[in-house]
Amino acid sequence: MAFIFQKIIDSILFTLYPNACCVCNKTLYSHKDYLCIPCENSLPYTNHQLESENEVKQVFRGRIQVEFAGAMLMFTKKGVAQKILHEIKYNGRKDMGLYFGKLLGEWLKPVHETQHFDLIIPLPIHKKKQLNRGYNQSELLATEISKILQIPIYHSLVVKHTHTQSQTKKSRINRWKNVESVFLLQNSEKLQDKHILIIDDTITTGATLESIMQEIRVKSPSSKISVATLASSVSF
Ligand SMILES: [Zn+2]
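Residues numbered from 1 in each chain as written. Predicted model: local features only at pLDDT ≥ 70, side-chain atom pairs only at ≥ 80, totals over all residues.

## Comments concerning the overall build of the protein
1) Next: Broken down by element type, the protein carries 9 helices and 6 strands.
2) Next: Taking all 236 residues of the protein together, the buried fraction comes to 34%.
3) Next: A separation of at least 24 residues holds for 73% of the contacts in the protein among residues at least 6 apart in sequence. (Helix = DSSP H or I, 4+ residues; strand = E, 2+ residues; numbered from the N terminus. Buried ≥ 20, exposed ≤ 12 C-beta atoms within 10 Å, placed from the backbone. Contact = placed C-beta atoms within 7 Å.)

## Here's the deal with helix α5 (residues 94–115)
1) Next: At Lys 109, α5 shows its maximal kink, close to 45°; a proline, Pro 110, follows between one and four residues later.
2) Next: The secondary structure elements touched by the buried residues of α5 are β1 (69–74), α4 (80–90), α7 (137–149) and β6 (224–232).
3) Next: His 116, located one to two residues past α5, shows a positive phi value of around 50°. (Bend = angle between axes of the 7 residues up to and from the residue.)

## Section: the pairing of strand β5 (residues 195–203)
1) Next: With 8 of its 9 residues buried, β5 lies for the most part within the structure.
2) Next: Sheet topology places strand β2 (residues 119–122) next to β5; 4 bridges connect them, and they run parallel. Of the residues in β5, the one forming a bridge with Pro 122 is Ile 199.
3) Next: In the sheet, β5 pairs with β6 via 8 bridges, with the strands oriented parallel. By the bridge assignment for β6, His 195 is matched with Lys 224.
4) Next: Since β5 and β6 lie parallel, the crossover through helix α9 (residues 207–219) that links them has a hand, and here it is right-handed. (Pairing = 2+ DSSP bridges. Right-handed = clockwise from strand over helix to strand, strands pointing away.)

## Quick word on the sheet that holds β1
1) Next: Pairing within the open sheet is parallel, and its 4 strands lie in the order β1-β6-β5-β2. Both edges of this open sheet fall to β1 and β2, since each of them pairs with a single strand only. Between one strand and the next, the sheet's axes are offset by a mean angle of 20°, whatever the strand orientation.
2) Next: As judged from the 5 bridges shared by β1 and β6, these two strands associate in the parallel manner. Bridge pairing in β6 links Leu 73 to Ala 231.
3) Next: Contacting β1, β5 and β6, α4 crosses the sheet at an angle of about 100° to β5.
4) Next: Against the sheet, α7 makes contact with β2, β5 and β6, and its axis sits at roughly 130° relative to β5, the strand it touches most. (Axes fitted to C-alpha atoms, helices over the stretch in contact; angles between N-to-C directions.)

## Focus on the packing of α5 against α7
What describes two packed helices is the angle between their axes and the distance between those same axes.
1) Next: Contact geometry of α5 with α7 gives a least axis separation of 7 Å together with a crossing angle of 45°. It follows from the interaxial angle that α5 and α7 lie oblique. As for the relative orientation of α5 and α7, their crossing is right-handed in sense. Residues Lys 94, Gly 97, Leu 98, Phe 100, Gly 101, Lys 102, Leu 104, Gly 105, Glu 106, Leu 108, Lys 109 and His 112 of α5 touch α7, and the partners they reach there are Gln 137, Leu 140, Leu 141, Ala 142, Thr 143, Glu 144, Ile 145, Lys 147, Ile 148 and Leu 149. (Parallel < 35°, antiparallel > 145°, perpendicular 65-115°, else oblique. Left-handed = near helix turned anticlockwise from the far one by under 90°.)

## Overview of the environment of Val 59
1) Next: Mapped onto the elements, Val 59 comes out in helix α3 (residues 55–59).
2) Next: Measuring from C-alpha to C-alpha, the distance between Val 59 and Val 234 comes to 7.9 Å, with 175 residues separating the pair along the chain.
3) Next: In this structure Val 59 touches Ile 203, Gly 206 and Val 234, once residues within four positions along its chain are discounted.

Structure, rendered in structure tokens:
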């Protein structure tokens, strides 16, 4: 009886508040929320924003000069960050991209206070992929970060000009070959002497991010470059 009563209450609540937690699927009691309180409290935050030598920064050591590099969440298989990324990238949850962009913007505030970024470049995805998905998830994140840090986004300065195959099934070495010079920087004079913050949804080997950074480094040597991602699955 209690079970049926609970079911009725749940269905009434669902009619009133049709949102569910994006991680555990429990009903949320506000249209504005995306996570229930237990899931919000279990977000696997890193401390990269406070550690100058974190594991994401180490990925680029000896490869390319970066001022700041860090990820907000730690990615684990079947963990909270994986679920969030999946919803944003493959389940059409544009709203979640904006929501987590806000969290990433707040998380980046102390970094911005010391680094003084001038502009944001969201990592471009291939046009075909963007057409299929309807958006670029890095641009969604960047939109909210731009509002919070009050710095502009430079759209379309960098374009991805070859359609790389899916990265997931490739070995580390093949991934490197696969992403070689796929980005093309246009109007590089706009970046001279600027501190650029590159935004991506996740970092694994850092190969894609390094590719875009190399392109900026060659065409605009006076720029400083930093990187922030929503999640990190960097492993050693
Ligand atoms: Zn939840």
